[in-house]
Every structure is written in structure tokens, then in C-alpha cells.
Amino acid sequence: MPAMSELLLVVQLAIELAFSALAIRTIVSWMRQPDRRHGHLGLALASLAILILLAPALGGTGPVAQSLTDLAIVLFLVSGYGLLMFRDSFVPLGTWARRLITAGIVAIGLAGIALQLPSNPESPHTPLQTLDFVAIVGVWAFCILEPIVTFWLAARGRPAVEMARLRSISIGYAGLIFVVVFGTIAGSLNGAVSLAVDVIGLLIVPVLYFAFFPPVWLRRIWRQPEEEQFRSALHDLLLYSSNRVELAEKALVWAERLVGGDAAFILDDGGSVLASRGITTAEAKQLAIKGQILGPSLDGRAPRRQGSSVIVPLDLQQGRGAMVIRSERLTPIFGDEELSRLSQYATSLAAGLDRVTLSSKIAALERAKTDFLNVASHELRGPMTVIKGYLTMLEAGALGDLAPKARSVLPLLISKSDEVNWMIEQMIEASRLEEGRLALKRHRADIVELTDSAIDGVRMLLTGHDLKVDMPVESIEADVDPDRFQIVVRNLLSNAAKYSASGTDITVDVRRDDGKALVSVHDEGIGISTEDQSSLFTRFGRIDTNQHVQGTGLGLWLSREIARMHEGDLTVESRAGLGSTFTFSVPLRH
Ligand code: ADP
């Protein structure tokens, strides 16, 4: 059947071409990354490819045929050696085991050449030749079978990418056995079976390709199981880490899993080790100094390989940092895809680290503000008490008579000192609230009476306005802290006076409604636009246009907090230019 033999030839040619392409790919990748691991793989696949090309020329007799056979023996053993050493670069053999096997391979090879092994296994052999032949096949089989098992077992419990990578290499080794075994037996079978065997051989070559050089899409599939987990971890990492060390430590776990790696560390700007994993801080520090990781070569944003490490620059706000992942034995060979993911990851990480720096700075500032509020208010209170005391005494005539001119300014002085005292009181209460020390002393009280005495407390401030009070004769009872309740009402009243023109009405309305006691303070002042209303109740929140009026911006914030601590509320209804109504509510006593 000529058609069959032609087909056979075509398939064999295809195998030769495909295998040669694989060998060339291996050598190219070795040239790109000239390390031991790539070198051994290149050695193994190139010698197998030459062997496959050589195969049709084997089997003759004479000196040329004999030297071809010798070459074939050498190539065969070299391929086995290369594959075993490739395995050794992932999972190291002991030094002695390595030496022993190497010596064994050399000895068996030399013996094969010395014994002039015939290239056709079916031709008659001397017993020694048979022994060496078996040894050659045996040692080669060992070089392949042992790694298949080792890779498979080493993959257990590893992160997804590493596991898939190791298993795929294991499958690749098995594929090589098939190609060689089928290739050898195919020639001795009849046409149709031989063709089928060759086709299987041809189909295995792409499997080898994927196994040794997994394409990006395949690596993506490998990563898939962890992808979701990764995303949520990244989210948690960036949002919920309260300090930089914690964030850096968590980040390392994922950086390692992302590309595989047995040790990793993060260098802060300035070179201190922020976190390390798999090695001690001291070792990391040493590596950083020895490798000059933060040196001038760390420019740009792209990750870079340095020996067995990958260095990823971190663009931090204060300067350059770096994440270093050391890849050892079991680590899959890094691909560009992994590196670009790593650099994306580094960008998020740098943003996260900066966020933590920033928020701890803000927290420190807030603390400083509270401390200042606390200190300032307490320091001011003493002198103000003295001033107010003497002013009152002067007014009462306890310190002798005053000239009429001097006496005429006293009410103003007293009212100003009341204002200052009122501000100090607000500041003290605000700092108590911030520090969680504002504890209510609630007991049964009459809201009507409390509102009345709150009005009395600020009457001086209201003198320019026309105050209208609408309250019931009967009492409205609620469980409140009387002092704090009055602080709120006084605050609303003093705001009403501050933010409305003198001569206009201020109306206070006390009533009960739907289980609540309500106190409303209405003014006909400047009002508050809807967009400004949201910032009213924030700490230090003041409306820009009102900056000329004295105030701390603490009053409404404090008042609303006090109202809510009473399970009540403080709300506003207002329109710019049309006055405001603030309503303070607390639950009625049952
Ligand atoms: P401040 O000490 O500045 O008065 P508050 O917390 O009491 O602080 O009030 C916050 C801001 O709300 C004020 O600065 C002012 O702009 C605005 N505001 C408060 N009450 C009124 C009101 N009755 N009319 C108009 N604006 C007001």
C-alpha cells in the first residue's frame, strides 16, 4: 500500500518537525533566562530531538553506522540526564545521589560504546551487550519515571499555580516516555498500527509544549480557583488593615501565592524591612543590602529579575520601596503574565500602604485636636471664672462705686464673658464626648421647666431679639440629664440669635407629640441651604459664608450627639434666607 507508507512518512516528518520546534523553543527560553533549570531542559529536549531526527538513519552496519549508534546512545543518555537534572532544580536530589547517578550514566554510556552495541535491538547480542542495553533503557526509564512521581507528590498542598505547574511537568515527562516508546516500537509494527502509534506520538507533542511552556490562557485557568479568593483578600487587605506592618504581612502571603515563591519581603522607603515571610528580618535586610535592591537600578515600575528573585518596585508616597519574592526550587518559572500581575498588585499595595500612612497621620491629628481642645478649655476655665466673678461683684457694687461710664460697659463685659464661658463649656463637653467620657445623669425632669431655665441662662444673648415662647402650663415629663438638656436648648437659642438680624422674632415652642417631648427654636435669620445642612452636625462643621460670626462649629454636633444619647434627635428645617427651625426631641417618660 504505497498510500499508507507515504502517510506514515508524512506523520513521521510531522513528529520530527514538531519535536524540533519544541527543542528550539526550549533553547530560546534558555537563552533568555540562562539558568541551570532552563539549561537542563534545553539539553534534554534538544538531544531527544536530534535522536528523533537521527532515528531513520540508524540500523545499518559498518563503521559509520556504528558511530551513529554510539552518538544515539550518548544522546539518549544525555536526554535522561538532562531530565533528571531538570527535576533536581525543583526538588533537589542529595549530592551523593546526584554524583552516583551521573557516574552510572557515564559508565553505562562508555560501556555501550566500548561494547559496540548494535543499533538494531533484534540483531544477535552478546550477554554483556544485552546487559548494557538493559542498563541503558533502565537508567533512562529511572531518569523519567522517578521525576514523574516526585513532581506529582511535590505538588500536593501547594498553591494552585504551583500545583498545576508541577503536575503538568509530571504529565510532560509521561508524554516523553510515550513518544520515545511508541517511536521505537512503531517501526517494528505493521503499517496501520504503526500509523496509529505515530499519530498518537504526534498528538503528544503539543501536550509536551503545554506542559513545559504553559501558555498564558492555561496559566489563567490554573489561577482561576484562587482568583475569587484573591480578589476578596485584596479587598480586605486594602480596606481593613489598620497598620502598615499588618498590611505588608498579609500582602506577602498573596504575592507568594500569586507567583509561587518560598520567601518574600517588603522594603519600606529608606530600606527598612516592613515585613518578611519565609526568612527572618535580619536575613531580608542582608539580602537587601547585598543585592542593592533599593539602589539606582530600581527605576521604572516594571518588576525585574535578579538571580532567583523578582524585585517589584513600590511607588510609595515618601519614596521608593520594593517587594522582593525569592523563587527557589519548587517555584514555577515566572512568565511575563505573572510579572505584570505582580506589578498591578504592587500598585494596589503601594496605594494601601499610603492609605494607612495617611489615615494614621489623620488619626494623630485628630488626637492632637482633641487633646488641644481638652487642655485649652480646661486652662481657660479657671481665669474666666475669676473674670466673671469680679465682673458680677463690680456690678453688684461689692467693690465700691464705679464711675457711671465704667458702669455702663459692665453689662456688655458680662455678656461677652458669658459667651466665652459658654464656648468653653461646649469645648469641655465636646472633648468629653470624643473621649467617651460624656456620661448622662438622667432622671425624671420637666421639659417645660428645663427649657424655661435654659432661656434664662442665655437671656443676655437674646436681648436684641423679640423672644416668643409657646409652652404648655402643665409639665411634660421625660428622663433627661438636665444640664445636657439645657446645653442643647441654649445652643439652639444662641445660634438663632447669632444667625439672625436683631429685631427679628425668635420663637420657642415646647409641646408633646407622638410619645416625644419636642422643643423647637425658630428664627427669621439667614437660613441654611439644603446642601449645607448635611455639614451642620459635623464636628467643627461651619458654613463658609458665616465665618464672620464667632463660633467653634462644635455646638450642633454636640447637641445632636446629646439628643441621640437620650434616644432622641435634633433636626433642622430651613431654607437659605428664610430662617430656620431646629427641633430637639426626647422620648417621654412612660
Ligand atoms: P457655631 O459655633 O459655628 O455656631 P454650631 O455647630 O452651633 O457652631 O453651628 C454650625 C454652623 O451651622 C454655624 O457655623 C452656622 O453656619 C450654622 N447655623 C447654626 N444655626 C444656625 C441658624 N439658626 N441659622 C443659620 N445658620 C445656622
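Please refer to the structure higher up on the page.
The present account deals with the structure reproduced in this document. Note that the structure is a prediction, hence the values are computed from the model and not measured. (Residues numbered from 1 in each chain as written. Predicted model: local features only at pLDDT ≥ 70, side-chain atom pairs only at ≥ 80, totals over all residues. Heavy atoms only, no water.)

In this section: the overall build of the protein chain. Counting secondary structure elements, the protein chain contains 16 helices and 12 strands. C-alpha extents for the protein chain along the principal axes are approximately 140 × 50 × 40 Å. Of all 590 residues assigned to the protein chain, the portion counted as buried reaches 46%. Taking all contacts inside the protein chain whose residues are at least 6 apart in sequence as the whole, residues at least 24 apart take part in 69%. Surface accessibility of the protein chain: about 29300 Å² in total, with carbon and sulfur atoms responsible for 62%. Once the 56 positive and 63 negative side-chain charges of the protein chain are each reduced to a mean point, those two points are 6 Å apart. (Helix = DSSP H or I, 4+ residues; strand = E, 2+ residues; numbered from the N terminus. Buried < 20%, exposed > 50% of the residue type's maximum accessible area, 1.4 Å probe, protein only. Contact = heavy atoms within 4.5 Å. Areas by Shrake-Rupley, 256 points an atom, 1.4 Å probe, with all protein chains shown as cover. Lys, Arg positive; Asp, Glu negative; His and termini not counted. Charge placed at Lys NZ, Arg CZ, Asp CG, Glu CD.)

Our focus in this paragraph is the sheet that holds strand 7 (residues 466-470). Pairing is mixed across the open sheet formed by 5 strands, whose spatial order is 7-9-10-12-11. Among the strands making up the open sheet, the edge pair consists of strand 7 and strand 11 (569-574). Direction aside, the axes of adjacent strands within the sheet are offset by 15° on average. Sheet analysis places strand 11 next to strand 12 (residues 580-587), joined by 6 bridges and oriented antiparallel. Residue pairing in the sheet places Glu573 in a bridge with Thr581 of strand 12. (Pairing = 2+ DSSP bridges. Axes fitted to C-alpha atoms, helices over the stretch in contact; angles between N-to-C directions.)

For the rest of this paragraph, the subject is the packing of helix 2 (residues 36-54) against helix 3 (residues 63-90). Running from N to C, helix 2 and helix 3 point in directions that differ by 150°, and their axes come no closer than 8 Å. Taken together, the axes of helix 2 and helix 3 are roughly antiparallel relative to one another. As helix 2 runs across helix 3, the sense of the crossing is left-handed. A breakdown of the residues in the contact of helix 2 with helix 3 according to their chemical character gives 18 nonpolar, 5 polar and 3 charged. (Parallel < 35°, antiparallel > 145°, perpendicular 65-115°, else oblique. Left-handed = near helix turned anticlockwise from the far one by under 90°. Nonpolar A, V, L, I, M, F, W, Y, C, P; charged D, E, K, R; others polar.)

Next up on the list: the side chain of Ser494. Positionally, Ser494 belongs in helix 14 (residues 482-498). Beyond its immediate stretch of four places on either side in the chain, Ser494 contacts Trp422 and Leu461.

Two numbers describe a pair of aromatic rings. These are the distance of the centres and the angle of the planes. Across all of its chains, the model carries 9 aromatic pairs by this definition. Ring plane angle 70° and centroid distance 6.1 Å describe the contact between Phe86 and Phe212, whose orientation is recorded as edge-to-face. Taken together, the positions of Phe86 in helix 3 and Phe212 in helix 7 (residues 191-212) put the pair 126 residues apart, joining distant regions of the chain. Each of the two residues, Phe86 as well as Phe212, counts as buried. Between the aromatic rings of Phe151 and Tyr173, the centroid separation amounts to 5.6 Å while the plane-to-plane angle is 75°, which identifies the pairing as edge-to-face. Of the two residues, Phe151 sits in helix 5 (residues 127-154) while Tyr173 sits in helix 6 (residues 160-186), which places them 22 residues apart along the sequence. A single burial state applies to Phe151 and to Tyr173, both of which are buried. Here the aromatic residues Phe86, Phe151, Tyr173 and Phe212 are joined through ring pairs into a cluster of three or more. The ring of Trp96 has Arg99 lying over it, and the distance from NZ or CZ to the ring centre is 5.2 Å. For the cation-ring pair, Arg167 lies above Trp152, with the distance from its terminal atom to the ring centre recorded as 4.3 Å. (Phe/Tyr/Trp six-rings, centres within 6.5 Å; stacked < 30°, edge-to-face > 60°. Lys NZ or Arg CZ within 6 Å of the ring centre and 35° of its normal.)

A word on the environment of Ala430. Residue placement: Ala430 occurs in helix 12 (residues 404-434). In this structure Ala430 comes out as buried when scored by relative accessible area, which is 0%. The sequence separation of Ala430 and Ser529 amounts to 99 residues, and the corresponding C-alpha distance is 26 Å. Here Ala430 is in contact with Leu373, Leu554, Trp557 and Leu558, once residues within four sequence places are set aside.

By size, the foremost hydrophobic cluster in this structure holds 48 residues, and its most contacted members are Ile447, Phe485, Leu493, Phe582 and Phe584. For this core, the element with the highest residue contribution is helix 14, accounting for 8 residues. If we ignore the near neighbours within four places in the chain, the residues touching Phe582 are Leu492, Val519, Ser520, Val521, Ile528, Leu536, Phe537, Leu556, Leu570, Thr571 and Val572. Counting 47 residues, the second largest nonpolar core, distinct from the first, contains Ile148, Ala154, Ile177 and Val180. (Core = buried A, V, L, I, M, F, W, Y, C linked by side-chain atoms within 4.5 Å.)

Here we take up the pairing of strand 5 (residues 320-326). In terms of residue burial, strand 5 counts as a mostly covered element, since 5 of its 7 residues are buried. Two strands pair when backbone bridges link them, and strand 1 (residues 263-267) and strand 5 are joined in this way by 5 bridges, in the antiparallel orientation. Paired with Ala264 across the strands is Ile325, a residue of strand 5. The antiparallel hairpin formed by strand 4 (residues 309-315) and strand 5 contains 4 residues in its connecting segment.

Before going further, it helps to examine unusual backbone geometry. If you check the backbone angles, Phe540 has positive phi at about 60° while not being a glycine. As for its placement among the helices and strands, Phe540 is situated in the loop between helix 15 (530-536) and helix 16 (555-565). Judged by its relative accessible area of 27%, Phe540 falls in the partly exposed class. Despite not being glycine, Glu567 has its phi angle at roughly 60°, a positive value. Its location among the elements puts Glu567 in the loop between helix 16 and strand 11.

Let's shift gears to the packing of helix 3 against helix 5. Closest axis-to-axis distance for the helix 3/helix 5 pair is 9 Å, and the angle between their directions is 20°. By the angle between their directions, the pair helix 3 and helix 5 is classed as roughly parallel. Judged by the twist between their axes, the crossing of helix 3 over helix 5 is left-handed. Residues Ile73, Phe76, Leu77, Ser79, Gly80, Tyr81, Leu83, Leu84, Arg87 and Phe90 of helix 3 form the contact with helix 5, whose participating residues are Ile136, Val137, Val139, Trp140, Cys143, Ile144, Glu146, Pro147, Thr150 and Phe151.

Sheet architecture is open: 5 strands sit in the order 2-1-5-4-3, paired in antiparallel fashion. In the strand order of this sheet, the two ends are held by strand 2 (273-277) and strand 3 (304-306), each with one partner. If you compare each strand with its neighbour and ignore which way they point, the axes differ by 20° on average. In terms of strand pairing, strand 4 meets strand 5 through 7 bridges, oriented antiparallel. Its bridge partner lying in strand 5, Val312 is registered against Met323. Packing against the sheet, helix 10 (residues 281-290) makes contact with strand 1, strand 2 and strand 5, and its axis sits at approximately 115° to strand 2.

This paragraph deals with helix 13 (residues 447-457). Along helix 13, the residues classified as buried are Ile447, Val448, Leu450, Thr451, Ala454 and Ile455. Along the long axis of helix 13, the arc covered by the buried residues comes to 165°, so they all point the same way. In helix 13, the exposed residues that point more than 90 degrees away from the buried face are Glu449 and Gly457. Measuring from the backbone nitrogen of Val448 back to the side-chain oxygen at the start of helix 13 gives 3.0 Å, which picks out Asp446 as the cap. (Arc of directions from axis to C-beta. Polar contact = N/O pair within 3.5 Å; in protein donor to acceptor, adjacent residues only side chain to side chain.)

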